[in-house]
Amino acid sequence: MADGLRRLVGAESGRVLQEKLESWYRDYEINSCDQNLNRCCEIIELNSEIQGQLFTILNETSREGGHYAGVETIKTRLLPWLGTCFSCATSGRLFETNLSLAQDSIEKEKQLRELASNQTFQLQELQEELTSTRLQLSHVQQDLAKTQLALEDTKTKSATTLLAAEDEIVQLKAALKTSCAQEKDALRKLDRLNDYEQQIQILRDEISILDAQKSVLQSRFLRSRSPSPRHSESKSPSPLPLRSCSPGRARRTNASRRACLVARFGDIYAQERLDAETILRGYINDMEMVQRIIYIAAVESFHAAKTAYRQFKIRVRDTLSLGHSGPESLEDAVLDYIVRHEDLYDVQASVNEVIRSMNINPKISFPPEIDFIVISTLIRELCRVAFSMQTLVPPLDVAFGIDGELFSETKYHRSFESDFTAALVAYHVWPALMENDVVIVKGEAVTKRGALWSHRSRSRSRSRSRSTSPLLAHHLSRSRSPSPLRSGSPSKWAY
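As the structure is a prediction and not an experimental result, all values here were calculated from the model. (Residues numbered from 1 in each chain as written. Predicted model: local features only at pLDDT ≥ 70, side-chain atom pairs only at ≥ 80, totals over all residues. Heavy atoms only, no water.)

A word on the overall build of the protein
At step 1: Helix and strand content of the protein: 16 helices and six strands.
At step 2: Expressed as a percentage of its 495 residues, the buried residues of the protein come to 29%.
At step 3: Expressed as a percentage of contacts within the protein between residues at least 6 apart in sequence, the contacts between residues at least 24 apart total 71%.
At step 4: Total accessible area on the protein is roughly 32,500 Å²; 57% of this is exposed by carbon and sulfur atoms. (Helix = DSSP H or I, 4+ residues; strand = E, 2+ residues; numbered from the N terminus. Buried < 20%, exposed > 50% of the residue type's maximum accessible area, 1.4 Å probe, protein only. Contact = heavy atoms within 4.5 Å. Areas by Shrake-Rupley, 256 points an atom, 1.4 Å probe, with all protein chains shown as cover.)

Okay, structure coming up:
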């Protein structure tokens, strides 16, 4: 009996039963009906197992008390309880077997239920996919039907549009023929207009010649009434002959081009020159040296442009002389070609030539690490204007100036830093524009007392300083001919 009671206490069946009851109580509200029934069955089976062990202990205990021991207790407590139709398992081993079988059956039923629910869920998903596929198929069929209708409609419209396009092409062809005819008429009228303009220009030239002849005749008439008519007649000029051929386009537009170029020369003095001064002042503090650099750049630009114009004119004359034929002379044809094709002038080559000449000029100095290319904008604009001025009749050029020359009021303006009582030019700021030795636009110069002596001392000091400059030595090594300004020969500037 003591061994059986020890086994019962060691199995802790009562504690397990209490834990299951508490767990069932906590999860009762959230469990399903099947889960609550399974919990109840587990508790009943566990309770039956405990009762079976207790009956075994009861039997062994009654045996230890003798034949009649415990009879009263059995009568008063056990038999009434058995009368409630309670039955228990005959042995604990049989109960454990039944319990394990019941648990296996419960697990299998649970797996079957889960498998059935999964299959039901999968079946529902397949049905939903099938329904969705059927809807998509229906939509595709509807879209196909609409596309077929649209295709038929497009075919009908395309046929109609093709017919309309053919009609429009016919109309456009007719309009094109009409436009071509109108263009030909316009070209003929334009040619007639050009002829009229040439005739008008010729008539104007003839009128000017007649006016000149009229003035000559009037002067002859006035001199014929003087005491010595023969002497007057001997000094009177001969009448101007009529030109045998019409002038070229360049000569007809000479006056307008001359006015534009003179205005552009003034704009360069007012704008590009000041911009160049601002740039140079960033490298040189001496304002006199800055103005000398700009003046020499202007003079060198005109020289380079004139040289390029002469070379360009020679090439054009050689080309046009091979097949020239027309009412105008070869020189007029060459001049017209140059005026129309001034964009063929290689202005960059002239800019490079100007910079090379300035690098070997002894009158100016510049920091060795900086090149005169910083004022290439001013040089380029001067070269372009100078090249265009060579196409005028007569051509325009800048005046040649020498430091220490006598100041001329007709050629230059005095700069604001000048000594207005001085008669000699210390240095030039801007060249004067000339036409046949007649000043058209005045230049600018600075006059100071003792200008010639100060100029010679500065020239010697600058020559010595530039002889040690590595930049000047590099350019002198590349140059084969000395600068005309350095050599002192003014033949380059005699126009």
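Overview of helix H13 (residues 376–389)
The α-helix advances 3.6 residues per turn, and as a result positions three or four apart in sequence lie on the same side.
At step 1: The first and last C-alpha atoms of H13 sit 20 Å apart over 14 residues, in line with the 20 Å expected at 1.5 Å per residue.
At step 2: Here H13 lies mainly inside the structure; 11 of its 14 residues are buried.
At step 3: Buried within H13 we find Ser 376, Leu 378, Ile 379, Glu 381, Leu 382, Cys 383, Val 385, Ala 386, Phe 387, Ser 388 and Met 389. (Expected span 1.5 Å × (residues − 1).)

Concerning the packing of helix H10 (residues 287–320) against helix H11 (residues 330–340)
At step 1: Interaxial distance between H10 and H11 falls to 10 Å at its minimum, and their mutual angle equals 120 degrees. As the angle between them shows, H10 and H11 are arranged oblique. Seen from above, H10 lies across H11 with right-handed handedness. Judged by residue contacts, Tyr 309, Phe 312, Lys 313, Val 316, Arg 317 and Leu 320 of H10 engage Leu 330, Glu 331, Ala 333, Val 334, Leu 335, Tyr 337 and Ile 338 from H11.
At step 2: Here the residues of the contact of H10 with H11 sort into 10 nonpolar, no polar and three charged. (Axes fitted to C-alpha atoms, helices over the stretch in contact; angles between N-to-C directions. Parallel < 35°, antiparallel > 145°, perpendicular 65-115°, else oblique. Left-handed = near helix turned anticlockwise from the far one by under 90°. Nonpolar A, V, L, I, M, F, W, Y, C, P; charged D, E, K, R; others polar.)

So, the confidence of the model for the protein
At step 1: On average, residues of the protein score 78 in pLDDT, and 75% of them reach the 70 mark or higher.
At step 2: Taken element by element, the protein is modelled with least confidence in helix H16 (residues 484–487), mean pLDDT 32, and with most confidence in H13, mean pLDDT 96.
At step 3: Segment residues 226–246: pLDDT under 50, and 20 contacts once partners within four positions in sequence are set aside and those in other chains are kept.
At step 4: Scored below 50 in pLDDT, residues 459–495 makes 52 contacts in the model with residues more than four places away or belonging to other chains. (pLDDT = per-residue confidence, 0-100.)

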